[in-house]
Amino acid sequence: MCAASLVWFRLDLRLRDHPALCAAAARGGGVTALFVLPPEGDQAWIGGAASRWWLHHSLVALSKTVADRGGRLVLRRGETAEQVADVARQCGADTVFCHRIVDPEEESRLGRVRAALEKCGVRLRVFAPNLLAEPGKVMNRSGEPFKVFTPFHKAVRQIPVADPVPVPACLDGPWRAVDSLALEALELLPRHDWAAGLRDCWMPGEAGAERNAQTFLEGSVGRYPEDRDVPGVTGTSRISPHLHFGEVSARTLFHEASLHMEAAGGAGVLRGGEAWLRQLYWREFAHHLLFHYPHLTHAPMRAEFAVFPWRNDAELLDAWRRGRTGYPMVDAGMRELWRTGWMHNRVRMVVASFLVKHLLQPWQDGAAWFTDTLVDADLANNTLGWQWTAGCGPDATPYFRVFNPALQGERFDADGAYVRRWVPELARLDAKHLHAPWDAPPEKLREAGVVPGRDYPPPTVEHAGARQRALLAYERVRRA
């Protein structure tokens, strides 16, 4: 009889297309499923408070799906290597199976786990991360990592995407009793319940991921190129938090989208599907970059940005966090984030640009806030997004591109649906003035019941002046 196997779950909280689980189940012995919540200093790969809320409910869902197939999800908390080795001993496993994650501490982490297991005579088998292509296998002709997305995308599309592996029909439970914590002992939920908005918007877990993907592919993908930039409509898949926690695999999404495009046909679906797949590959790009350049989480890729004259103004940063900048499009995005743990991608670019270019606040402060408040606070994606916006990272936005928040609102929220939802104090203001209420005639403000300074704050900075300050700051970097 084959010895037992231990499957160590992390950012792969699913059963479908789970190579590590499939390999363990194929051995024919007992399979124990384990999740370890590490000490706070090793939780960057999870995210912040909103992500911890999501993780709690994702573990609820995973525990049920494991139990439905005869298994049990063991929960532990503490130093990862010690906990994995202890559970391996208790369940009699001779092999631990896991997937790699893309994180600056991963090699050190896996090294400690491997060393602890070797003392027990247990082997560690590590499978590829939740990506379409393994990091390190997509290099340019010089053997160096790609730093620009377009050539990376062209190269990585030449690599076939493996088919998803099936869900094991049965997961035999552990042969021996294994100590496990109650989920509540992980203390993932907030002590003061601020998560009502998250509960209203999301269904964490594998079933929620499948529902979102199906809804998007069957109903919205054909309009994706037009709707993806319009925050007032449901034009995106909202699959990002499910991908972050591995409740669905990237290659499952790739193959489902490809099959849908083939079956549905039509220029709209094909165009929309390709545009959406491009976003999957943008995610790939972020993870490949972090794999090769682990310092990107805290330092700019372009070294000259070390002298950028950030202002470090606590009041401006707080106004941005609270959605009180006086720019409706920015404030709508920040309030959507606080309420739902998510923000439309177009608006993410607008609010990030406003923080680093209008307010000249360090991009690291924005990245930290997103990490704490996003349910899809993926370390690689978040890092690339902020470095791209700040102009200090790979394939960065041009330094002279400073989004005008009012014009962005007029262009992408022309009817004002998005701003009216998240900035209700301006809801009665006509569309012509909604995105620049400071320019509204007094009679229009009276009709809308808006008293400037009382109901809605004045702009924290004036756009033209802020843009000029940003350009001067970037010119200083260029001359350094």
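Quick caveat: nothing in here was measured; it's all calculated off a predicted structure. (Residues numbered from 1 in each chain as written. Predicted model: local features only at pLDDT ≥ 70, side-chain atom pairs only at ≥ 80, totals over all residues. Heavy atoms only, no water.)

Draft legend 1. View of the overall build of the chain. For the chain, the count of helices and strands is 21 helices and 5 strands. On C-alpha atoms alone, the chain measures out to a radius of gyration of 24 Å, which is about the 23 Å that the 2.2 N^0.38 rule sets for 480 residues. If you line up the chain on its principal axes, its C-alpha atoms span 80 × 50 × 50 Å. Across the 480 residues in the chain, those meeting the buried criterion constitute 55%. Put simply, 79% of the contacts in the chain that link residues at least 6 apart link residues at least 24 apart. About 20400 Å² of surface is accessible on the chain, with carbon and sulfur atoms providing 51% of the total. The centroid of the 58 positive side-chain charges in the chain is displaced by 2 Å from the centroid of its 56 negative side-chain charges. (Helix = DSSP H or I, 4+ residues; strand = E, 2+ residues; numbered from the N terminus. Rg over C-alpha atoms; globule rule 2.2 N^0.38 Å. Buried < 20%, exposed > 50% of the residue type's maximum accessible area, 1.4 Å probe, protein only. Contact = heavy atoms within 4.5 Å. Areas by Shrake-Rupley, 256 points an atom, 1.4 Å probe, with all protein chains shown as cover. Lys, Arg positive; Asp, Glu negative; His and termini not counted. Charge placed at Lys NZ, Arg CZ, Asp CG, Glu CD.)

Draft legend 2. Expanded view of helix α4 (residues 106-119). Between its first and last C-alpha, α4 extends 20 Å over 14 residues, near the 20 Å set by a 1.5 Å rise per residue. Every buried residue of α4 is listed here: E106, R109, L110, V113, A116 and L117. The buried side chains of α4 occupy one side of the element, clustering within an arc of 125 degrees when seen end-on. Exposed residues lying more than 90 degrees from the buried face of α4 are E107, E118 and K119. Elements that come into contact with the buried residues of α4 comprise β1 (4-9), α3 (80-91), β4 (93-99) and β5 (123-127). Of the residues flanking the end of α4, it is G121, one or two places downstream, whose phi is positive at about 75 degrees. (Expected span 1.5 Å × (residues − 1). Arc of directions from axis to C-beta.)

Draft legend 3. Structural detail: empty space enclosed by the protein. Taken as a whole and judged by the stated rule, the model has 5 cavities of 30 Å³ or more. Reported here for the largest cavity is a volume of approximately 60 Å³. Sorting the residues of the lining of the largest cavity by element identifies α11 (267-292) and α16 (379-390) as the ones contributing at least two each. Residues that form the lining of the largest cavity fall into these classes: 7 nonpolar, 2 polar and no charged. (1 Å grid on protein atoms, 1.4 Å probe; cavity = no way out; pocket = protein on both sides within 12 Å on 5 of 7 lines; lining within 4 Å. Points joined across faces, edges and corners; volume = space filled by probe spheres on them. Nonpolar A, V, L, I, M, F, W, Y, C, P; charged D, E, K, R; others polar.)

Draft legend 4. The environment of V156, seen in detail. Here V156 is to be found in helix α5 (residues 149-156). A relative accessible area of 1% places V156 in the buried class. Taking the C-alpha atoms as reference, V156 lies 9.3 Å from F285; in sequence the two are 129 residues apart. The contact partners of V156, leaving out residues within four places of it in the chain, are A133, V138 and Y281.

Draft legend 5. Quick look at the nonpolar core. Counting residues in hydrophobic clusters, the biggest one holds 50 residues, and the most contacted among them are W320, F370 and W386. Secondary-structure elements contributing two or more residues to this core are α12 (314-322), α13 (328-340), α14 (345-358), α15 (363-373), α16, α18 (417-422) and α21 (463-479). At 7 residues, the largest contribution of residues to this core is made by α14. Sequence-distant contacts of F370, defined by excluding residues within four places in its chain, comprise W320, L337, M343, R348, V351, A377, N382 and W386. (Core = buried A, V, L, I, M, F, W, Y, C linked by side-chain atoms within 4.5 Å.)

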